[in-house]
Amino acid sequence: MSFLLVALVLTATLVITIPTFKRVKIGRNDMSCLSIIIPARNEERNLTFLLQSLQLRNADFEVIVVDDNSTDNTERVAKAFGVKVVQPGALPAGWLGKSWACWNGAREAKGSVLLFLDADITVENDGIEKVFFYYQQQGGVLSVHPYHLVKRPYEMFSALFHYVTFASIGAFHPFKNWKSPSVGFGQCLLCSAASYFQSGGHEGIKKEVVENMALVEKMNKQGEFITCMSGQGALSMRMYPNGMKGLIRGWSKSFASGAGKTEAIYLFLVSLWLTSMINYILFLPTLWNQHAGLAISSYVCYVSLLFNSLRKIGSFTFFSLCLFPIHVLFFLGLFVWSFVQTAVRKQVKWKERSISIEEEKKKKVIK
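Please read these numbers as outputs of a predicted model, since none were measured by experiment. (Residues numbered from 1 in each chain as written. Predicted model: local features only at pLDDT ≥ 70, side-chain atom pairs only at ≥ 80, totals over all residues. Heavy atoms only, no water.)

1. Considerations on the overall build of the protein chain
Note the following rule: Secondary structure elements are taken from DSSP: a helix is a run of H or I of four residues or more, a strand is a run of E of two residues or more, and numbering for both begins at the N terminus. Under the scheme applied here, a residue whose accessible area is under 20% of the maximum for its type counts as buried, over 50% as exposed, and between as partly exposed, the area being computed with a 1.4 Å probe on protein chains only. Accessible areas in this description were obtained via Shrake-Rupley with a 1.4 Å probe; residue shielding takes into account the shown protein chains only.
When helices and strands are tallied, the protein chain shows 13 helices and 12 strands. Classification of the 367 residues of the protein chain by burial places 54% in the buried group. When the accessible surface of the protein chain is split by element, carbon and sulfur atoms take 56% of a total near 16,300 Å².

2. Describing the sheet that holds strand β7 (residues 147-148)
Formally: For two strands to count as paired, DSSP must find a minimum of two bridges between them.
Taken together, the three strands give an open sheet; going across it, the order is β5-β10-β7, and neighbouring strands pair in mixed fashion. Taken across any chain shown, the strands that pair with only one partner, and hence form the sheet edges, are β5 (121-123) and β7.

3. As for the nonpolar core
Test applied: The term nonpolar core refers to a set of buried residues drawn from Ala, Val, Leu, Ile, Met, Phe, Trp, Tyr and Cys, joined through side-chain atoms within 4.5 Å. Domain segmentation is taken from an automatic or database assignment of domains. The contact criterion used is simple: two residues touch if any of their non-hydrogen atoms lie within 4.5 Å.
By size, the foremost hydrophobic cluster in this structure holds 78 residues, and its most contacted members are F172, W273, Y280 and F324. No fewer than three residues from each of domain 1 (1-15 + 259-365) and domain 2 (34-242) sit in this core. Ignoring sequence-local partners within four residues, the contact set of F172 consists of T13, L14, V15, I16, T17, I18, P19, F166, F185, C228 and M229. Listed in part, the 36 residues of the second largest apolar core include M31, V63, L115 and L190.

4. Looking at the packing of aromatic side chains
For clarity, the threshold we go by: Aromatic pairs are defined between Phe, Tyr and Trp rings, using the six-membered ring for Trp, whenever the two ring centres lie within 6.5 Å; interplanar angles under 30 degrees are classed as stacked, those over 60 as edge-to-face, and all others as tilted.
Within the structure shown, the criterion is met by 21 aromatic pairs. Taking the centre distance of 5.8 Å and the plane angle of 65 degrees together, the rings of W103 and F197 count as edge-to-face. Taken together, the positions of W103 in helix α4 (residues 97-108) and F197 in helix α7 (residues 193-198) put the pair 94 residues apart, joining distant regions of the chain. Accessibility expressed as a relative area gives 37% for F197, which makes it partly exposed. On the numbers, 5.3 Å between centres and 40 degrees between planes, the contact of F116 with Y196 is tilted. Here the residue F116 occupies a position in strand β4 (residues 113-117), and Y196 occupies one in helix α7, the gap between them amounting to 80 residues. In terms of burial, F116 and Y196 fall into one category: buried.

5. Comments concerning the pattern of salt bridges
Going by this rule: Each reported salt bridge corresponds to a side-chain nitrogen of Lys or Arg within 4 Å of a carboxyl oxygen of Asp or Glu.
The full count for this structure, using the stated rule, is five salt bridges. K98 is the partner of E211 in a salt bridge, and the nearest nitrogen-oxygen pair spans 3.3 Å. With E211 in helix α8 (residues 211-221) and K98 in helix α4, this residue pair connects regions lying 113 residues apart in the sequence. On the basis of relative accessibility, which here comes to 26%, the residue K98 falls in the partly exposed class. With a closest N to O distance of 2.8 Å, R238 and E155 form a salt bridge. Note that R238 is positioned in the loop between β10 (235-237) and α9 (244-259) and E155 in the loop between β7 and α6 (159-169), a separation of 83 residues in sequence. Shared partners join several salt bridges into a network, and the residues in it are K98, D118 and E211.

6. Some remarks on the pairing of strand β2 (residues 62-67)
Rule in force here: By the criterion used throughout, a crossover qualifies as right-handed when its path from the first strand across the helix to the second strand runs clockwise, the strands pointing away from the viewer.
Taken across its six residues, β2 has six buried, putting it largely inside the fold. Of the two faces of β2, the one carrying E62, I64 and V66 and the one carrying V63, V65 and D67 are both buried. Pairing of strand β1 (residues 34-40) with β2, which is carried by six bridges, proceeds in the parallel orientation. If you follow A40 over to β2, its bridge partner there is D67. Chirality of the crossover, the property in question, places the unit of β1, helix α2 (residues 44-53) and β2 among those that are right-handed.

7. Side note on the confidence of the model for the protein chain
When pLDDT drops low, the exact placement of atoms in the prediction is not to be read closely. Put simply, the test is: Each residue carries a pLDDT score, the predictor's confidence in it, ranging from 0 to 100.
On average, residues of the protein chain score 87 in pLDDT, and 88% of them are at 70 or above. Averaged pLDDT values over the elements of the protein chain bottom out at 50 in strand β12 (residues 353-356) and peak at 97 in β4. In this model residues 357-367 is a low-confidence stretch, pLDDT under 50, and it forms 25 contacts with partners more than four residues away in sequence or in other chains.

8. Focus: the side chain of T227
Considering the arrangement of structural elements, one finds T227 in strand β9 (residues 226-230). Here T227 is in contact with Y134, Q138, V141, L142 and S143, once residues within four sequence places are set aside.

9. So, the sheet that holds strand β3 (residues 84-86)
Put simply, the rule is: Helix axes use the C-alpha atoms of the stretch in contact, all axes being lines fitted to C-alpha atoms, and the angles between their N-to-C directions lie in the range 0 to 180 degrees.
Ordered in space as β3-β2-β1-β4-β8-β6-β9, the seven strands form an open sheet in which the pairing is mixed. The open sheet has two free edges, formed respectively by β3 and β9, since each of these has just one partner strand. In this sheet, adjacent strand axes meet at a mean angle of 20 degrees when their direction is disregarded. Relative to the sheet, α4 contacts β1, β2, β3 and β4, its axis offset from that of β1 by approximately 150 degrees. Those strands touched by helix α5 (residues 127-138) are β1, β4, β6 (141-145), β8 (188-192) and β9, and its axis lies near 45 degrees from that of β8.

10. Brief notes about α8
When we look at burial in α8, the residues that qualify are E211, N212, M213, A214, L215, V216 and M219. Phi turns positive, to about 105 degrees, at G223, one or two residues after α8.

11. What about the packing of helix α10 (residues 264-290) against helix α11 (residues 292-310)?
As a reminder, the rule being used: Any angle that is under 35 degrees is reported as roughly parallel, and any over 145 degrees as roughly antiparallel; angles of 65 to 115 degrees are reported as roughly perpendicular and all others as oblique. By definition, any crossing whose near helix is turned counterclockwise from its far helix by less than a right angle is left-handed, and any crossing with a clockwise turn is right-handed.
In contact at an axis separation of 8 Å, α10 and α11 are set at 150 degrees when each is read in the N-to-C sense. Considering their axes alone, α10 and α11 lie roughly antiparallel with respect to each other. Taken as a pair, α10 and α11 cross one another with a handedness that is left-handed. In contact with W273, M277, Y280, L284, L287, W288 and Q290 of α10, α11 contributes A292, L294, A295, I296, S298, Y299, Y302 and L306.

This is the structure in structure tokens:
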């Protein structure tokens, strides 16, 4: 029964306090020093929503769209909004696509503050102002995970991946103020241009599949304080809206690789949490037969704790989390597939590109 207590304690503490932008108030900001860099490969639809949401007519910040060899109308959409478009050229050997796009965008940027923003993000009213204002107060590096808008049932299966991602960052537990996290999210990253280039930027991590974790890790090592937040109240996104196949490809691209960038203590705690959860699920039928009241109360407690954290990460419903045993099984199956792709086959596919993983890289895997 000890695993039941371990699972409950870790569920309650690994992701306990997630700061959001819901209560962030903005002052009068001059954002002319800000350059927003948007890497885009075949993002004509998403890019339309993002650029509309930026309300560019009244903007005083620079927007750069890096058209990463798209085969659709990404370039045309960007130019229709009047933003600067950068063509980085063919992907060189040794580079991965997103890092190549971000690096070329950063080199073209005029601002002293760089905001890397994924094309599938939507900015809420005053969202950029909130993010920029918060960054000015904090300094260092601001890493934001956009709020996940869930619209179709299969998207609920991202819930546990988000939870594990937040737990692995090490920025949302009770002792978070003792130590700055050494990794961060990749969909939205804000830093000074000086610190970015001092760290080597994306050129220094050009071969990394999980480029955001590698970049933040390098900036942390040079003394930058890392702040991680949920984008609730400022930035939102739809993840893998084109079906379950896209969801599987998206998460399998980076999840096992990301485990290799996670600090050992958080890797251990997340592994312990998963192991305890699996034991609980396997023991649940026996627990029901012997102590039905304990089985029901513990189950409700698990779901409530998960929901309390995940409601700040995305629009996951309480009912969907009542099926958390299915979420756990799906997570484990996809994690194994991700491991096969990255550590055995050493190749994953994303954005119509096959990404080769260097053989010499030793990946740590959550067991």
